[in-house]
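# Fold and geometry: a report
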Amino acid sequence: MKISNRTSSRGGRRTSAAVALGAVLALTATACGDDGSGAGGDKGSEGSGKGKIVFWDNNGGVRTEIWKEVIADFEKAHPDIKVEYVGIASTEYQSKVDTALQGGGLPDVGGVGAAMLAGFAAQGALEPLDDRLAKSSLNGKLNKDMVESLKAAGGGDDKLYSIPTSANNGVLYYRTDLFKKAGLEEPTTWDRFFTAADKLTNKGKNEFGYTIRGGAGSIAQALDAMYGQSGITSFWDSSGEKTTVNDPKNVAALEKYAKLYKRVTPAADLNNDFTKMVAQWDSGTIGMLNHNLGSYQDHVKALGVDKFRGIPQPTGPGGKRVQVSNPVDGLGLFKSSKNKEAAWKFIEFATSKAENSKFNEAAGQVPSNTDAAQDAWIAKAEPTKLAAQALSDGTTTIVQLPYYLPDWNTISKADNEPNFQKVLLGKMSAKEFLDTMAEQLNTAQEEWNQQNG
């Protein structure tokens with residue numbers, strides 16, 4: 001796997017730490033609370049190491065069941081600590097934390113993945129974890145690339161603000177039964193993908209070739225389709241100051257991708273986030289779905305293992321695979337916690353071999369704990385196994401998204417998701433959409449350069 005991870009600083013370019021398998025993958029989780037001592041304040045305190053802590057799950061609903069299992073195991077091992085679980089939908093998590101940052105009420109521990117890390121760290125919300133990790137039994141047991149990925153995403157101070165829990169990779173799921181019936185080849189290239197999307201569509205029978213993500217979380221998927229088709233391997237140009245998102249090849253790729261909407265996809269896709277999109281694919285007659293390893297178990301439950309496969313993203317020009325990074329996810333310790341000792345115990349426990357393996361087997365993702373990553377279930381989960389192979393056989397280049405920019409999450413969500421819907425509806429051109437995003441990104445990069453030059 002080749003990784004393009006160039007960022008710039010004033011007066012020159014800076015290449016952040018190489019981020020291999022972990023940088024391409026992702027997951028979620030984190031927490032916070034009060035031990036009843038009344039001590040603390042904004043800077044919090046170590047607390048008694050006992051009592052209650054509050055944990056905010058940044059993928060509530062989707063991962064609630066498995067987190068409650070981990071919490072039950074933790075409370076059994078630490079009977080003097082109680083964990084209050086708060087599940088928050090991934091689409092609402094950032095605004096929930098931002099509101100708490102302004103008005104108080106942050107948890108002790110919470111899900112802090114790479115995409116949100118820089119923004120939270122810039123506001124001084126998170127406790128640096130380097131010293132705690134150095135003294136922990138976890139030291140040397142966490143995937144180095146995932147750790148470096150989270151460090152690089154933290155905003156430039158080379159501190160670790162989140163302990164990785166797992167990594168996720170983009171996957172193209174396709175219905176093997178429908179492909180066989182239609183005599184189609186496996187969609188291993190973008191050309192085959194578009195051919196299959198057309199051939200599997202019969203609107204009169206409510207059959208569609210593809211389901212496109214038009215609601216929350218749509219931008220990362222659109223970027224993946226763009227760079228995958230264009231073959232462009234860096235998010236920034238050679239100067240490190242101008243983004244490549246509006247390169248003519250990416251504009252053409254987005255135009256082709258957006259034209260799939262309603263022609264070979266359900267109309268409901270316009271507002272579908274990943275949960276609705278996944279549910280629709282599992283219960284309907286749709287040929288293909290782009291998501292990640294995290295939904296594998298949902299498909300197994302709905303379809304069994306014989307009606308679908310999950311393969312790495314299609315290859316593009318010259319048989320090369322280019323994809324954008326999915327953020328590594330992890331657990332962060334909020335600085336305002338009044339019981340940091342107990343909160344850290346929870347983070348340590350959740351990322352221990354047994355619990356990290358249990359969590360990721362349920363989620364279908366790659367464990368951050370290197371001992372857990374050796375467990376037998378990974379070889380049996382085909383999409384996870386294929387993803388790991390694709391990332392290590394030299395055929396895949398990763399375009400690193402600029403998670404280090406404090407404005408990245410806002411730019412890639414609130415500022416542009418409504419505009420992407422306009423593109424799908426034909427009310428905005430792909431060029432206008434990408435030019436708008438490019439201007440925002442270039443401004444954010446310039447500001448970051450000035451602050452870190």
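Counting of residues starts from 1 at the beginning of each chain's written sequence and follows it residue by residue. Whole-chain, interface and lining totals are the exception, using all residues; otherwise, since this is a predicted model, local features are given only for residues with pLDDT of at least 70 and side-chain atom pairs are given and counted only at 80 or more. The side-chain numbers reported here are obtained from all heavy atoms of the structure, hydrogens and water having been left aside.

### Quick word on the sheet that holds strand 10 (residues 208-211)
Read across the open sheet, the four strands follow the order 10-11-9-12; overall the sheet is mixed. On the outer flanks of this sheet lie strand 10 and strand 12 (308-311), each paired with one strand and no other. Neighbouring strand axes in the sheet, compared pairwise and without regard to direction, differ in orientation by 20 degrees on average. Here, any two strands with at least 2 DSSP bridges between them count as paired. Helix numbers and strand numbers start at the N terminus; a helix is a DSSP run of H or I with at least 4 residues, a strand a run of E with at least 2. Here strand 9 (residues 170-175) pairs with strand 12 via four bridges, running antiparallel. Bridging from a neighbouring strand, Tyr173 pairs with Gly310 of strand 12. Contacts between residues were defined by any pair of non-hydrogen atoms, one from each residue, lying within 4.5 Å. Every axis corresponds to a line fitted to the C-alpha atoms, with the helix fit spanning only the stretch in contact, and the corresponding angles, defined between N-to-C directions, vary from 0 to 180 degrees. The strands touched by helix 16 (residues 382-390) are strand 9 and strand 12; relative to strand 12, the strand with the most contacts, the crossing angle is about 25 degrees.

### Section: unusual backbone geometry
For Asp158, which is not glycine, the phi torsion reads 60 degrees and is therefore positive. The topology assignment puts Asp158 in the loop between helix 6 (144-153) and strand 8 (163-167). On the basis of relative accessibility, which here comes to 53%, the residue Asp158 falls in the exposed class. Of note, Lys262 is a non-glycine position whose phi angle comes to about 70 degrees, a positive value. Turning to its location among the elements, Lys262 is positioned in the loop between helix 10 (248-258) and helix 11 (274-283). Think of it in three bands: residues with accessible area under 20% of the maximum for their type are buried, residues over 50% are exposed, and the middle band is partly exposed, with areas taken using a 1.4 Å probe on protein chains only.

### A word on the layout of surface pockets
Here the term cavity refers to a set of points on a 1 Å grid, laid over the protein atoms alone, in which a 1.4 Å probe fits but cannot get out; the term pocket refers to an open set having protein on both sides within 12 Å along at least five of seven lines, with lining residues being those that place an atom within 4 Å of a point. Grid points are joined across faces, edges and corners, and a volume is the space filled by probe spheres set on the points. One number sums up the size of the second largest pocket: a volume of about 340 Å³. Together, 19 residues line the second largest pocket, and Val62, Arg63, Asp298, Lys301 and Ala362 are the ones closest to its centre. The set of elements that each furnish at least two residues to the lining of the second largest pocket consists of helix 2 (64-77), helix 11, helix 12 (296-303) and helix 14 (353-363). All residues other than Ala, Val, Leu, Ile, Met, Phe, Trp, Tyr, Cys, Pro, Asp, Glu, Lys and Arg, Gly among them, are scored as polar; the first ten of these are nonpolar and the last four charged. Taken together, the residues of the lining of the second largest pocket sort by class into eight nonpolar, five polar and six charged.

### Quick notes on the packing of aromatic side chains
We call Phe, Tyr and Trp rings a pair once their centres come within 6.5 Å, taking the six-membered ring for Trp, and we label the pair stacked below 30 degrees between planes, edge-to-face above 60, and tilted otherwise. Throughout the structure, instances matching the rule amount to 23 aromatic pairs. Pairing Phe193 with Phe194 gives two aromatic rings, centres 5.1 Å apart and planes at 80 degrees, and the pair type is edge-to-face. Ring geometry for Tyr296 versus Phe308: centroids 5.9 Å apart, planes at 55 degrees, classification tilted. Residue Tyr296 is found in helix 12, and its partner Phe308 is found in strand 12; the two are separated by twelve residues along the sequence. For the pair Tyr296 and Phe308, one class covers both residues: buried. Members of the aromatic cluster, joined through ring pairs, are Phe55, Trp67, Phe74, Tyr85, Phe346, Phe349 and Phe359. Its guanidinium or amino end placed over the ring of Phe194, Lys256 lies 4.4 Å from that ring's centre, counting from NZ or CZ. Geometrically, a lysine NZ or arginine CZ counts as sitting over a ring once it is within 6 Å of the ring centre and also within 35 degrees of the ring normal.

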